[in-house]
Amino acid sequence: MSFVSPSQQEIVASLPLHLRPFVAVQDPVNQYTPRDHAVWRFLMTALTRGLADTAHPVYLEGLARTGIALDHIPSIDEMNSCLAKLGWRAVVVDGFIPPAIFMEFQALKVLVIALEMRSVEHLLYTPAPDILHESAGHAPFLIDVDYAEFLQRFGEVGMQAIASQHDHELYEAVRALSMLKEDPRTATQDIAEAEARLTALSNSDEQPSEAALLTRLHWWTVEYGLVGELEDYRLFGAGLLSSLGESQSCRDDARVRKIPLTVNAVEAPYDITTTQPQLFVTRSCKHMSQVLEEFAATMAARLGGAGALRKAIASTAVCTAQYDSGVQVSGVISGLHCDAVGNVTYVQTQGPTQLAWRGKELYGHSTASHKEGFGSPVGLLKDFSRCLSQYTVDELKVHRIVVGESVHLEFLSGISVRGRLESVLRQEHRNLLLSFSDCTVTSLDGQELFQPEWGRYDMAVGGRIASVFGGVADRESFQLYKPLPRTGTPGAQADSKVMEAYAKLAKYCSAVTKLSDAEGQSLLSVLNDYPAEWLLRAEILRMDADLLPEGLAATAMQELDELVVEHEHRRALALVFPGQFSA
């Protein structure tokens with residue numbers, strides 16, 4: 001937290017208050033070690049060469065236009081100076097953040113970038129979010145207007161999706177496992193237990209929520225999408241673009257089935273621990289947007305009514321029910337009443353509940369005012385030609401609805417509200433809430449829904465439930481999510497002498513004249529001092545062989561060949577040093 005650039009300060013200040021705590025600080029000078037930069041250089045060289053003919057053509061152009069250098073880990077300021085031209089911004093975050101928060105950033109056209117850089121031990125695959133995947137995987141395609149619009153729209157839709165308690169548990173399990181795997185100090189038994197927990201949650205019979213289905217669509221497009229035709233496709237998913245192994249293996253059509261992208265992709269679950277058995281091919285970014293809107297049309301936020309409320313009840317999570325008057329009730333929706341033809345007649349929440357209108361909490365109606373829950377009728381009143389929200393103060397008087405007097409409201413559903421009217425809360429010529437004292441609310445069958453001894457009764461006004469969406473209406477006043485303790489993983493303890501060796505090599509790499517014998521001897525001693533550091537040898541081979549002392553490049557090549565035996569690493573070496581290594 002020692003460095004905050006003016007650019008980052010400005011961006012953070014422009015964010016909604018509840019999002020700001022999730023933003024971390026990147027100190028590009030001191031944040032990353034010389035070896036971190038060496039890992040970045042090696043991987044970016046291998047990826048760009050390996051993807052030259054298989055990634056969508058926008059990819060390589062997009063790297064340069066979004067401030068992503070190949071020779072060093074980019075600073076968030078470098079990226080933002082480029083992203084600003086595209087109407088986007090970027091912030092760094094400390095590892096995992098809640099999916100709903102991630103989607104809200106995306107809806108605001110803010111790209112979320114993980115702060116950490118993967119370790120050399122997890123060069124080809126990192127179990128935790130890292131800056132390479134988030135920046136080099138996601139940012140390049142923002143130069144495509146259709147893709148950028150799709151990504152923002154996905155965020156808007158994702159913000160409204162109803163998530164379940166099971167989703168939250170699954171998120172926590174993935175987060176915990178990835179942190180354990182990235183930490184070299186973790187005991188094998190702890191990883192096994194975390195994997196077992198994740199497997200159990202993944203294999204449960206829990207019906208997927210809206211948010212879970214939408215996450216699948218995100219996976220099969222943004223993360224693992226292919227674009228083009230079944231017989232002629234290119235890679236554009238960030239998960240593929242940041243994985244040397246899977247970017248190659250996914251093209252084996254005999255082993256990885258290719259399926260035309262339709263909304264049916266939400267039926268395909270995925271496993272983050274293994275390569276994907278199938279991938280979906282989209283025709284274009286506009287095609288993806290069509291599929292997204294097809295799914296969005298089925299969501300509770302779009303449909304409203306009893307079915308939407310039942311989704312919210314099943315989720316056991318905080319959701320918002322919005323009346324057609326604009327009144328928004330945010331809380332754990334616990335019950336509803338319907339008439340014989342399925343119209344919603346009463347909505348009930350339990351626990352802290354917020355009342356809002358157009359995304360702003362109504363004064364006096366915070367969760368502190370409704371600690372135990374909230375319930376209110378839905379529908380039209382008998383003998384009223386339109387919704388009560390639309391009546392003027394004078395018209396209310398005609399119907400004997402007067403502040404300070406006893407009022408009896410009879411709904412078409414048979415629900416009765418009887419009490420002394422204490423106030424009418426109006427906004428923009430609309431009646432939103434009627435507050436009663438000494439109030440009794442009963443249903444058609446005589447069930448008491450509210451009793452006078454319970455205190456003040458606030459009745460929301462509206463003819464129907466027009467929308468139900470996940471989360472709360474006013475996120476500033478009712479904050480569901482708060483940043484968790486540091487999620488960044490510590491990695492192996494950096495050896496200062498090893499880091500000095502990498503720094504020395506980085507300095508020599510910029511040489512334009514032949515190194516002296518003393519400098520050559522210094523490099524040779526580096527190899528002798530760190531016999532297991534294969535990446536040091538790769539750094540030496542980046543240098544112009546003509547500038548190195550005789551025999552040093554051959555020595556580094558031989559030792560590198562002996563040290564790197566894993567197939568995937570050798571494939572990467574073959575890309576970084578074409579013609580010098582066999583995969």
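We now turn to the structure provided with this report. The residue numbers shown here count from 1 along each chain, following its written sequence. Two thresholds apply to this predicted model, a pLDDT of at least 70 for residue-level local features and 80 or more for giving and counting side-chain atom pairs, whereas whole-chain, interface and lining totals are computed over all residues. Neither water nor hydrogens contribute to the side-chain values; these are computed over all heavy atoms in the structure.

### Here's the deal with the overall build of the chain
Keep this limit in mind: Segments assigned H or I by DSSP are reported as helices when at least four residues long, segments assigned E as strands when at least two residues long, and all are numbered from the N terminus. Burial classes follow relative accessibility: with a 1.4 Å probe on protein chains only, a residue under 20% of its type's maximum area counts as buried, one over 50% as exposed, and anything between as partly exposed. Should any heavy atoms of two residues lie within 4.5 Å, those residues are considered in contact. Each accessible area value is a Shrake-Rupley result obtained with a 1.4 Å probe; residue values ignore everything except the protein chains displayed when judging cover. Neither His nor the chain ends is counted toward charge; the positive residues are Lys and Arg and the negative residues Asp and Glu. Charge placement uses NZ in Lys and CZ in Arg. For Asp and Glu, CG and CD serve respectively.
Within the chain, the secondary structure is distributed over 21 helices and 17 strands. With respect to the three principal axes, the spread of C-alpha positions in the chain is 100 × 50 × 50 Å. Considering the chain as a whole, with its 583 residues, one finds that 53% of them fall into the buried category. Counted over contacts in the chain with a minimum sequence separation of 6, partners at least 24 positions apart contribute 64%. In the form shown here, the chain has an accessible surface area of approximately 26,400 Å², with 51% of it arising from carbon and sulfur atoms. Averaged over its 49 positive side-chain charges, the chain has a centre that lies 5 Å from the centre of its 73 negative ones.

### Quick look at the packing of aromatic side chains
Under the convention used in this document: Any two rings among Phe, Tyr and Trp, with Trp reduced to its six-membered ring, count as a pair given centres within 6.5 Å; such a pair is stacked if its planes are under 30 degrees apart, edge-to-face if over 60, and tilted if neither.
Tallying each qualifying case throughout the model produces 16 aromatic pairs. For the ring pair Y59 and F141, a centre distance of 6.5 Å and an interplane angle of 25 degrees mean the geometry is stacked. Linking Y59 in helix α3 (residues 58–65) with F141 in the loop between α6 (131–138) and α7 (145–160), this pair joins segments that are 82 residues apart in sequence. For Y59, a relative accessible area of 0% corresponds to the buried category. Here W220 and F280 contribute two aromatic rings whose centre-to-centre distance is 5.4 Å and whose plane-to-plane angle is 55 degrees, an arrangement assigned as tilted. Remark: F280 occurs in strand β6 (residues 278–282) and W220 occurs in helix α10 (residues 210–223); sequence separation between them is 60 residues. Judged by its relative accessible area of 6%, F280 is buried.

### Brief notes about the sheet that holds β6
Hydrogen bonds between backbone atoms are what pair the strands of a sheet, whose relative direction is either parallel or antiparallel. Condition: Whether two strands pair depends on DSSP finding at least two bridges between them. Only the contacting stretch of a helix is used when fitting its axis, a line to C-alpha atoms as for every element, and angles between N-to-C directions run 0 to 180 degrees.
Reading across from one edge, β4-β3-β6-β5 is the order of the 4 strands in this open sheet, with mixed pairing throughout. What marks the edges here is a single partner per strand, and that holds for β4 (232–235) and β5 (257–260). Ignoring which end each strand starts from, the neighbouring axes of this sheet average 40 degrees apart. Looking at chain direction, β5 and β6 are connected through 4 bridges and run parallel. Note on β6: the bridge partner recorded for I259 is F280.

### Some points on unusual backbone geometry
With a phi angle near 70 degrees, D383 is a residue other than glycine that sits in the positive phi range. Even without being a glycine, E428 presents a positive backbone phi close to 50 degrees.

### Quick look at α3
Note the threshold: Each C-beta atom gives one direction from the helix axis, and the arc is the one those directions make.
Residues V58, Y59, G62 and L63 constitute the buried set of α3. Buried residues of α3, viewed axially, fall in a sector of 135 degrees; they line one side. Packed against the buried residues of α3 are α2 (34–50), α6 and α11 (238–241). Directly beyond the C-terminal end of α3, a positive phi value near 80 degrees is found at G67.

### Thoughts on the packing of α2 against helix α19 (residues 534–541)
Put simply, the rule is: Working rule for handedness: look at the near helix, and if it is turned counterclockwise from the far one by less than a right angle, call the crossing left-handed; if clockwise, right-handed. Three categories are distinguished: nonpolar for Ala, Val, Leu, Ile, Met, Phe, Trp, Tyr, Cys and Pro, charged for Asp, Glu, Lys and Arg, and polar for the others, with Gly belonging to the last.
With their axes 11 Å apart at the nearest point, α2 and α19 run at an angle of 65 degrees to one another. At the point where α2 passes α19, the crossing takes the left-handed sense. Residues R35, A38, V39, R41 and F42 of α2 form the contact with α19, whose own contacting residues are W534, L535, A538 and E539. Of the residues assigned to the contact of α2 with α19, the class counts are 6 nonpolar, no polar and 3 charged.

### Some remarks on the pattern of salt bridges
For the record, the criterion: Salt bridge, as used here, is a side-chain nitrogen of Lys or Arg placed within 4 Å of a carboxyl oxygen of Asp or Glu.
Inspection of the entire model under this criterion finds 22 salt bridges. Its salt-bridge partner being K258, residue D253 comes within 2.7 Å of it at the nearest N-O pair. The exposure class assigned to D253 is partly exposed, which follows from its relative accessible area of 46%. A residue is classified by how much of its surface remains accessible, and K258, at 13% relative accessible area, is buried. Its salt-bridge partner being E293, residue R302 comes within 3.6 Å of it at the nearest N-O pair. Owing to a relative accessible area of 44%, R302 belongs among the partly exposed residues under this scheme. For E293, a relative accessible area of 29% translates into the label partly exposed.

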